[in-house]
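Results of the structural survey
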Amino acid sequence: MSGLNEDEFLRMLLSEERKAWQNPRDILLRLGLTSGQRFLDVASGPGFFAVEASKIVGKTGYVYCVDASTKAAEVCAQNLSQAGYKNFEVIAQPIEIIQLPTVPFDVALVANVLHDFENPVLVLRKVYGSLRRGGVLGVVDWKKIETPFGPPLSIRLSVEESIGIVEGSGFRVLEVENSYPYHYLIKAEKADA
């Protein structure tokens, strides 16, 4: 958290400055998220992507957020409620141990955290099992280059490493692209039943 306490860090994650280098709406639309869909936000933090997803999926859609931090999950739920969204659930537990809903999701997002998981293949296999056939996974993570902020270079995953994790979890990579100056975006799909 680079010297910030948890409250300061969560505020930074929701800042307008962040939207300049990571636009949540643009990323979600690139993944094909549309009205009426079910969206899974893995390690959702305070809801930076979830609130935007709720606006896209609308009243007939559903937003499900998971974060290991109780504080982040509380802030996420507050932010979704304040945005006027009601069709959501926020779970304050690590993705590795929760039981995901049985109704499949259309789109799942793992943003800025793949490098943090002890066993990222296990996490993505769990996500794989929660998606419908043809469902989309988006992985956004930090490029393995020096940036003015972000996690240490030593723990970042290269694009090739992340692709290996995504494919090793059963997904078929559809495209890989730059996502603003500091990140890459991997779009993949669940190809099998």
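Just above, that's the structure.
Heads up: these notes are all about the structure in this document. Fair warning: this is a prediction, and the values are worked out from it, not measured in the lab.

Rules of the game
- Residues numbered from 1 in each chain as written.
- Predicted model: local features only at pLDDT ≥ 70, side-chain atom pairs only at ≥ 80, totals over all residues.
- Heavy atoms only, no water.
- Core = buried A, V, L, I, M, F, W, Y, C linked by side-chain atoms within 4.5 Å.
- Buried < 20%, exposed > 50% of the residue type's maximum accessible area, 1.4 Å probe, protein only.
- Helix = DSSP H or I, 4+ residues; strand = E, 2+ residues; numbered from the N terminus.
- Contact = heavy atoms within 4.5 Å.
- Axes fitted to C-alpha atoms, helices over the stretch in contact; angles between N-to-C directions.
- Parallel < 35°, antiparallel > 145°, perpendicular 65-115°, else oblique.
- Left-handed = near helix turned anticlockwise from the far one by under 90°.
- Expected span 1.5 Å × (residues − 1).
- Arc of directions from axis to C-beta.
- Polar contact = N/O pair within 3.5 Å; in protein donor to acceptor, adjacent residues only side chain to side chain.
- Salt bridge = Lys/Arg side-chain N within 4 Å of Asp/Glu carboxyl O.
- Phe/Tyr/Trp six-rings, centres within 6.5 Å; stacked < 30°, edge-to-face > 60°.
- Lys NZ or Arg CZ within 6 Å of the ring centre and 35° of its normal.

Re the nonpolar core
Core analysis: the biggest nonpolar cluster contains 30 residues, and Leu40, Tyr64, Val110, Leu137 and Phe171 have the highest contact counts within it. In terms of residue count, the dominant contributor to this core is helix 6 (residues 120–130) (four residues). If near-sequence neighbours (up to four positions away) are discounted, Leu137 is found in contact with Leu31, Ala108, Val110, Leu124, Val127, Leu131, Val166, Phe171, Ile186, Lys187 and Ala188. Of all hydrophobic cores here, the second largest spans 25 residues; its members include Ile56, Leu80, Tyr85 and Val90.

Considering the packing of helix 6 against helix 7 (residues 159–168)
Packing of helix 6 against helix 7 leaves a shortest axis separation of 8 Å and a crossing angle of 50°. Taken together, helix 6 and helix 7 sit at an angle that is classed as oblique. In the packing of helix 6 onto helix 7, the handedness of the crossing is right-handed. Facing helix 6, whose interface residues are Pro120, Val121, Leu124 and Arg125, helix 7 presents Ile165, Val166 and Gly168.

A few points about helix 5 (residues 70–82)
With 13 residues, helix 5 extends 18 Å between its outermost C-alpha atoms, agreeing within 8% with the 18 Å of an ideal straight helix rising 1.5 Å per residue. If you check which residues of helix 5 are buried, you get Ala72, Ala73, Val75, Cys76, Asn79 and Leu80. All buried residues of helix 5 project into a common sector of 165° when viewed along the axis, lining one side. Of the residues flanking the start of helix 5, the one acting as N-cap is Ser69, its side-chain oxygen 3.4 Å from the backbone nitrogen of Lys71. Immediately beyond the C-terminal end of helix 5, within one or two residues, lies Gly84, with a positive phi of roughly 85°.

Points about the pattern of salt bridges
Within the structure shown, the criterion is met by six salt bridges. The partner of Glu52 in a salt bridge is Arg25, and the shortest N-O contact between them spans 3.1 Å. Of this pair, Glu52 sits in helix 4 (residues 48–57) while Arg25 sits in helix 3 (residues 24–30), and the two are 27 residues apart along the sequence. Judged by relative accessible area, which is 12%, Glu52 ranks as buried. Assessed through its relative accessible area of 38%, Arg25 is described here as partly exposed. The salt bridge partner of Asp106 is Arg132, with a shortest N-O separation of 2.6 Å. Of this pair, Asp106 sits in strand 4 (residues 105–111) while Arg132 sits in strand 5 (residues 131–142); the two residues are 26 residues apart in sequence, bridging distant segments of the chain.

Examining the side chain of Asp41
Structurally, Asp41 can be placed in strand 1 (residues 38–42). Those residues in contact with Asp41 that lie beyond four places of it in its chain are Phe49, Ala50, Tyr64, Cys65, Val66 and Leu109.

Description of the packing of aromatic side chains
The tally for this structure, following the rule as stated, stands at seven aromatic pairs. Judged by centre distance (5.2 Å) and plane angle (90°), the ring pair of Phe48 and Phe49 falls under edge-to-face. The burial state of Phe48 is the same as that of Phe49; both residues are buried. Considering the side-chain rings of Tyr128 and Phe171, the 4.9 Å spacing of their centres and the 80° angle between planes classify their relative orientation as edge-to-face. With Tyr128 in helix 6 and Phe171 in the loop between helix 7 and strand 6 (172–179), the pair connects residues that are 43 residues apart, well separated along the chain. With relative accessibility at 4%, the residue Phe171 sits in the buried group. Taken together, the ring pairs in this structure connect Tyr62, Tyr64 and Phe105 into an aromatic cluster. The ring centre of Phe105 lies 5.0 Å from the NZ or CZ of Arg38, which sits over that ring. Over the face of the ring belonging to Tyr128 we find Lys190, whose NZ or CZ atom lies 5.0 Å from the ring centre.

In short, geometric facts, not functional conclusions.
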